Amino acid sequence: AAVVRGAGAALGATFRRVNAAAVRVPNANALTALLDDPSVLAVIPNRPVSAYQSGKGKPGGSGGGTTQVVPAGVARVGRPTGDSNGDGVGVAVLDTGVDLQHPDLAGTKDAFNAFGPQSCQDDHGHGTHVAGIIAARDNALDVIGVAPKATIYCVKILDGDGSGSDANVMSGLDWVLDHHA
């Protein structure tokens, strides 16, 4: 923090699991000061990241069907059984969030939002889709996930446009490492 301030830059997020921080570098002089400091190993741009596809679909509940579908991917790896249903397993979904009201994803933990203290409710849809592939409940609704009894931990690192940055991803991974137990 002292090196960052001394260089004329602003400290953002600091990461506990790696010796790194997100820093706002306002000008070339601040960048040079950081690069010249022997305690700074590297300065790497905070690049943008994004969801590959839009997850827009059916947020907020069931698609209305009364027959559950076994998706091709779940069929390929094997329909969940009593021994392979995810019971007792926690899965962190680092994405656009998860629809916390979706009946197929009941019990999802509102864990972490890299954009601030608000809920990690999905405002895009991609993260909800991913969470459903993993742990959609075994019921009469929509689809079944590969591990329907797993507990999903919502870790929002992408915004409503499906966009974020390396620093958002690092913050989410930091949270997972701090809470993995």
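Everything here concerns the structure above.
## Describing the environment of glycine 127
One can find glycine 127 in helix H4 (residues 126-135). Since its relative accessible area comes to 0%, glycine 127 is described here as buried. Not counting residues up to four positions away in its chain, the partners in contact with glycine 127 are Val93, Asp95, Thr96, Gly97, Val98 and Asp122.

## Some details on the pairing of strand S6 (residues 151-156)
In the sheet, strand S4 (residues 90-95) pairs with S6 via 6 bridges, with the strands oriented parallel. Bridge pairing in S6 places leucine 94 opposite valine 155. Direction of pairing for strand S5 (residues 109-113) relative to S6: parallel, over a ladder of 4 bridges. Within S6, the residue paired with asparagine 113 across the bridge is lysine 156. A crossover links S5 with its parallel partner S6, the connecting element being H4, and its sense is left-handed.

## With respect to the state of the cysteines
Counted according to the given criterion, the structure contains 1 disulfide. Each sulfur of the disulfide joining cysteine 120 and cysteine 154 lies 2.1 Å from the other. Of this pair, cysteine 120 sits in the loop between S5 and H4 while cysteine 154 sits in strand S6, and the two are 34 residues apart along the sequence. We classify cysteine 154 as buried; its relative accessible area is 0%.

Conventions adopted
- Residues numbered from 1 in each chain as written.
- Predicted model: local features only at pLDDT ≥ 70, side-chain atom pairs only at ≥ 80, totals over all residues.
- Heavy atoms only, no water.
- Helix = DSSP H or I, 4+ residues; strand = E, 2+ residues; numbered from the N terminus.
- Buried < 20%, exposed > 50% of the residue type's maximum accessible area, 1.4 Å probe, protein only.
- Contact = heavy atoms within 4.5 Å.
- Pairing = 2+ DSSP bridges.
- Right-handed = clockwise from strand over helix to strand, strands pointing away.
- Disulfide = S-S within 2.5 Å.

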